[in-house]
Amino acid sequence: MTELAPYMHWAKTHERAQWELSGSNLLHCTLEDLPGWEAYLSLSGANDEGYAPLIDAIGAQYGISSDRVCTAAGASGAYFLALGATIGAGDEVLVEAPGYDPHTGAAELLGARVRRFDRRYEDGFAIEIERIKASLSGRTRLIVVSNPHNPSGVLASDAELLDLKALAEERNLVVLVDEVYLDSAPPRTRYAAQVSDRFISINSLTKSYGLSGLRIGWAVANPDLAGRMRRVRDVVDAVGSFPAEGLAVLAFKRLDALAARARSILQPNRSLIERFMGDHLELEWVPPTGGAVAFPRFRQATDTGPFVDMARARHGVGLVPGSFFGAPEHFRIALGGPHEILAGGLAALGRALAGWAPLH
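What this report covers is the structure whose coordinates are included nearby.

The rules we used
Residues numbered from 1 in each chain as written. Predicted model: local features only at pLDDT ≥ 70, side-chain atom pairs only at ≥ 80, totals over all residues. Heavy atoms only, no water. Pairing = 2+ DSSP bridges. Helix = DSSP H or I, 4+ residues; strand = E, 2+ residues; numbered from the N terminus. Buried < 20%, exposed > 50% of the residue type's maximum accessible area, 1.4 Å probe, protein only. Contact = heavy atoms within 4.5 Å. Polar contact = N/O pair within 3.5 Å; in protein donor to acceptor, adjacent residues only side chain to side chain. Arc of directions from axis to C-beta. Axes fitted to C-alpha atoms, helices over the stretch in contact; angles between N-to-C directions. 1 Å grid on protein atoms, 1.4 Å probe; cavity = no way out; pocket = protein on both sides within 12 Å on 5 of 7 lines; lining within 4 Å. Points joined across faces, edges and corners; volume = space filled by probe spheres on them. Nonpolar A, V, L, I, M, F, W, Y, C, P; charged D, E, K, R; others polar.

## What about the sheet that holds strand E14 (residues 331-334)?
Piece 1. Pairing within the open sheet is antiparallel, and its three strands lie in the order E10-E14-E13. What marks the edges here is a single partner per strand, and that holds for strand E10 (293-294) and strand E13 (320-321).
Piece 2. Taken together, the two bridges between E13 and E14 define a ladder with antiparallel strand orientation. Bridging across to E14, Pro321 finds its partner in Phe331.

## Looking at unusual backbone geometry
Piece 1. The omega angle of the peptide bond from Ala97 to Pro98 is 0°, so this bond is cis rather than trans.
Piece 2. Of note, the amide linkage connecting Asn147 to Pro148 takes the cis form, showing an omega dihedral of -5°.
Piece 3. With respect to the helices, strands and loops of the structure, Pro148 is situated in the loop between strand E5 (140-146) and helix H6 (158-171).
Piece 4. Even without being a glycine, Phe125 presents a positive backbone phi close to 60°.
Piece 5. Here Phe125 is to be found in the loop between strand E4 (113-118) and helix H5 (129-135).
Piece 6. Overall, the relative accessible area of 2% leaves Phe125 in the buried class.
Piece 7. Of note in the backbone geometry, Ala238 takes a positive phi value of approximately 70° without being a glycine.
Piece 8. By the element assignment, Ala238 lies in the loop between helix H7 (223-233) and helix H8 (242-253).
Piece 9. Judged by relative accessible area, Ala238 falls into the partly exposed class, the value being 36%.

## Observations regarding the environment of Ser208
Piece 1. Position of Ser208 relative to the elements: it lies in the loop between strand E7 (199-204) and strand E8 (216-220).
Piece 2. Residue classification places Ser208 among the buried positions, given a relative accessible area of 2%.
Piece 3. Through-space distance from the C-alpha of Ser208 to that of Arg131 is 29 Å; in sequence the pair is 77 residues apart.
Piece 4. Ignoring anything within four residues of it in the chain, the contact list for Ser208 reads Leu26, Val180, Tyr181, Leu182, Asp183, Ser184 and Ala262.
Piece 5. Separated by 3.1 Å, the side chain of Ser208 and the backbone oxygen of Val180 make a polar contact.

## Side note on helix H1 (residues 6-13)
Piece 1. Along H1, the residues classified as buried are Tyr7, Trp10 and Ala11. Buried residues of H1, viewed axially, fall in a sector of 100°; they line one side. With respect to the buried face of H1, the exposed residues turned more than 90 degrees away are Lys12 and Thr13.
Piece 2. Summarising the contacts, the buried residues of H1 are in contact with helix H4 (101-109), helix H10 (305-315), E13 and E14.

## Some words on the sheet that holds E5
Piece 1. The strand order across the open sheet built from seven strands is E2-E8-E7-E6-E5-E3-E4, with neighbouring strands paired in mixed fashion. The sheet terminates laterally at strand E2 (69-73) and E4, the two strands that pair on one side only. Strand-to-strand twist of the sheet, defined as the mean angle between neighbouring strand axes without regard to direction, takes the value 25°.
Piece 2. Bridge count between strand E3 (residues 92-97) and E5: four bridges; the pairing is parallel. In the strand pairing of E5, Val93 is matched with Leu142.

## Comments concerning empty space enclosed by the protein
Piece 1. Summed over the entire model, instances satisfying the criterion amount to one cavity of 30 Å³ or more.
Piece 2. Of the voids in this model, the largest cavity is the one considered here, and its volume is about 70 Å³.
Piece 3. Of all the secondary structure elements, the ones that give two or more residues to the lining of the largest cavity are E2 and H7.
Piece 4. Looking at the lining of the largest cavity residue by residue, the class counts come to three nonpolar, three polar and five charged.

## So, the side chain of Glu284
Piece 1. One can find Glu284 in strand E9 (residues 283-284).
Piece 2. Classification of Glu284 by relative accessible area gives buried; the value is 15%.
Piece 3. Of the polar contacts made by the side chain of Glu284, one reaches the side chain of Arg297; its length is 2.7 Å.
Piece 4. A polar side-chain atom of Glu284 sits 3.1 Å from a polar atom in the side chain of Arg299.
Piece 5. For Glu284, the contacting residues outside a window of four places in its chain are Tyr121, Met277, Pro296, Arg297, Phe298 and Arg299.

Following this line, the structure appears as structure tokens:
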């Protein structure tokens, strides 16, 4: 079972470094960021098909009717409900590579076969529709992408989404778009579910707003798909957490303030890593256009694993080996934490690079 999502297992169990840059969440909020929270905290209420005030708030955010919304326990929970509503044993799911390993693990848990298509560094991690077409089979039911891309932080263009829309209509497919970083992308594109009824948008209050402790996620799709997801939820956890969903309603009322807080964290951190990358020509990258992570790679190495181990052991900086995402020549860096941690971590990373013999 640990092989379903090796990265997630590693993320929960690896030894923490002094300068831990292996996360992917935005710096967490406190209750001070939700003033008036006491009025929204409840242990009971009407929640059979989702907490209506929360579903209405999500619908308003997307500009859609509430019957297109299904709430879940985080974006991972929403992803699982979406899979349960669209695929079964023996179906094929086409997933981007490099990518986030729970995307493949959850599909395999449901008995599906996973196929991969490449998002190549040389193409700026773009979604190349011809690569997707070449990877389809007659059993493909679902295509999974992230936007912005996890792990690179690259934002998909409108043209790429429209190409996916045309392909989904032509081949009678569903496209699931993990958009957990989208609200932190400047400027934000449309949500995928606003582009086509064949798209499912997955999102949460975690990655872009710093409310990971609430575990509030959702999926937005056409009414039929959203209804099927609610039926899948009947056998997963049935209903959400009353305290969490009440506080989530308050979060939606304060979404602009939470987004401003996120920008105040991410913009200085992005500037910091841009300067770092400019000073370290042994590394190259596609600069992220959204999200809270970056994905550099070595110019002259094919596996960063030994370097990542050395950097943690000798210099106290924690990175994620790119092998967890299917791109071992890369490593992932967190940009959503405290500025001083990123600054200290990049300084330590610079010392690690200076002393790494294979690069010199």
